[in-house]
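# Architecture and fold: a report
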Amino acid sequence: MSTVAFYTLGCKVNFYDTEAIWQVFKDNNYEQVDFESTADVYLINTCTVTNTGDKKSRQIIRRAVRRNPDAIIAVTGCYAQTSPAEIMAIEGVDLVIGTQDRDKIMTYVQQIQEERQPVNAVRNIMKTRHFEELDVPSFTERTRAFLKIQEGCNNFCTFCIIPWSRGLSRSREAHIVIEQAKQLVASDYKEIVLTGIHTGGYGDDIEDYNLTRLLWDLDKVDGLERIRISSIEASQIDDEMIEVLNKSSKMCRHLHIPLQAGENSVLKRMRRKYTTEQFAEKVRRLKEAMPGVAITTDIIVGFPGETDESFEAGYRFMEELGFSEMHVFPYSKRTGTPAARMVDQVDEEVKNERVHRLIELSEKMQLQYARNFVGELLDVIPEREHKGYEGSGLISGHSDNYITVVFEGSEDLIGQICRVKITEAGVNECKGQLVRVLQSYSDVIDTPHIAIQA
């Protein structure tokens, strides 16, 4: 049997795409092996968000070539899309395929096996208007299913290369999304995470249909217990979206809304489509519609022109909003973006100091948020044995409001809905006690949007 090994860099969408490509190989009787093993085909799914992402991608490609010089080395993903010639120049690379046409990957692999001639299969992504259809019926070692509904982005933020590597926004047809959701439920997944490059942009290219309507249609899928949106922009949260979040018992009380900067002049230079005032108003309305909602965010620190004053104003803004967690990144120059050419680049030491301050703030807010749930009951879907404590009888998973909860329980509870009483709050995880296992949310009167007093 032929073997294939994968290495994925970058975001959740890349991990989804790798799973989808694995299905193509699996359907052609390939066996998956570890990347450090000898394989017939190595596939590296690359990232290009930063210049460092490019460098790491090149290192991994060379590692695969060294591992088995006779293997077919295939490279896909964002770096492959934006810089195919750079990758083709690496000795030993056989196939570069970008972020589209991956359904044709086996045809290329067979062609290379016969002819042993390298193939550059990258096309202009900006001309692509169709969603790349690749199914993922199940996930390796996962209890939450990811469902990709959208690809590309129309925003062109000044720091970001993604529209050039993923193309313009395009949506998966609704009937295919619903069908995929039903298949995942049939495979015993109780939670589906809707994902994409710009998930909230779903429906921008479909007449009279948008993300809110898709959520209502998913709400009707029998057996689907939890729907989570991987990320959504503040500008895409409108009255209709707030209504579905409020009324659908399946919507998770967790939204990841990238802020990127907490001060208006910086947001404007980033070409973000909101002000801090508009962002704060959306957050206020969401907290009203979904009591106890967890709002997580992304922050870029040290964007060109970020002064001490604008950083301090941003710090205060984030503190007032009270996120439940912040993912903090120092600004990294991306060749080819407008921000890389801006004057007033911020000193690296200053950036690092600001990053540390925001990480401390994030941890403080995480703990504050978690403390609200001590003594209350949350519904948790265990995902694995507690990391680092295997064999101890402890399991961990996420509540609907994205708190990692660790509690005593056997492995056969993994993937089931467990009602857990929170006994202790922590920064990265909370401790809890199993109260009972639920068949589904419908077998209890209380809705998962309301934390139940123990």
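As the structure is a computational prediction, the values presented were derived from the model and not from experiment.

### Regarding the overall build of the protein chain
Looking only at helices and strands, one finds 13 helices and 20 strands in the protein chain. Its C-alpha atoms give the protein chain a radius of gyration of 23 Å, within 12% of the compact-globule value 22 Å for 454 residues. Its C-alpha atoms give the protein chain principal-axis dimensions of about 65 × 55 × 50 Å. Considering only contacts within the protein chain whose residues lie at least 6 apart along the sequence, 73% involve residues at least 24 apart. Total accessible area on the protein chain stands at roughly 20,000 Å², and carbon and sulfur atoms take up 47% of it.

### As for the nonpolar core
If you look at the biggest cluster of nonpolar residues, it comprises 93 residues, and the most contacted ones within it are Phe25, Leu211, Leu214, Leu218, Phe279 and Leu358. Not counting the four nearest positions on each side in its chain, Phe279 is found in contact with Ala234, Ile257, Pro258, Leu259, Tyr274, Phe317, Leu321 and Phe323. Membership of the second largest hydrophobic core comes to 20 residues, among which are Ala5, Phe35, Ile61 and Val65.

### Considerations on the layout of surface pockets
If you add up the space inside the largest pocket, you get close to 1,500 Å³. If you trace the largest pocket, you find 48 residues lining it, with Cys11, Val49, Gln260, Asp298 and Phe329 closest to the centre. When residues of the lining of the largest pocket are traced back to their parent elements, those giving at least two are helix 1 (12-27), strand 7 (144-148), strand 10 (191-195), strand 12 (251-256), strand 13 (294-301) and strand 14 (325-330). Class assignment of the residues belonging to the lining of the largest pocket gives a composition of 22 nonpolar, 20 polar and six charged.

### As for the packing of aromatic side chains
Given two aromatic rings, one states the distance between the centres and the angle between the planes to describe the pair. Throughout the structure, instances matching the rule amount to 13 aromatic pairs. Considering the side-chain rings of Phe156 and Trp164, the 5.3 Å spacing of their centres and the 65 degrees angle between planes classify their relative orientation as edge-to-face. One aromatic cluster in this structure is built from Phe6, Trp22, Phe25 and Tyr30. Seen from the ring of Tyr315, Arg357 lies directly overhead, with NZ or CZ sitting 4.6 Å from the centre.

### Considerations on the side chain of Asp400
When you line up the elements, Asp400 lands in the loop between strand 16 (394-399) and strand 17 (404-408). Judged by its relative accessible area of 3%, Asp400 is buried. A polar contact of 3.1 Å, which involves the side chain of Asp400, links it to the side chain of Arg253.

### Let's talk about the confidence of the model for the protein chain
The predicted model of the protein chain has a mean per-residue pLDDT of 92, with 96% of residues at 70 or higher. Every residue in residues 444-454 scores below 50 in pLDDT, and together they form 29 contacts with partners more than four places removed in sequence or on other chains.

How each quantity is defined
Residues numbered from 1 in each chain as written. Predicted model: local features only at pLDDT ≥ 70, side-chain atom pairs only at ≥ 80, totals over all residues. Heavy atoms only, no water. Helix = DSSP H or I, 4+ residues; strand = E, 2+ residues; numbered from the N terminus. Rg over C-alpha atoms; globule rule 2.2 N^0.38 Å. Contact = heavy atoms within 4.5 Å. Areas by Shrake-Rupley, 256 points an atom, 1.4 Å probe, with all protein chains shown as cover. Core = buried A, V, L, I, M, F, W, Y, C linked by side-chain atoms within 4.5 Å. Buried < 20%, exposed > 50% of the residue type's maximum accessible area, 1.4 Å probe, protein only. 1 Å grid on protein atoms, 1.4 Å probe; cavity = no way out; pocket = protein on both sides within 12 Å on 5 of 7 lines; lining within 4 Å. Points joined across faces, edges and corners; volume = space filled by probe spheres on them. Nonpolar A, V, L, I, M, F, W, Y, C, P; charged D, E, K, R; others polar. Phe/Tyr/Trp six-rings, centres within 6.5 Å; stacked < 30°, edge-to-face > 60°. Lys NZ or Arg CZ within 6 Å of the ring centre and 35° of its normal. Polar contact = N/O pair within 3.5 Å; in protein donor to acceptor, adjacent residues only side chain to side chain. pLDDT = per-residue confidence, 0-100.

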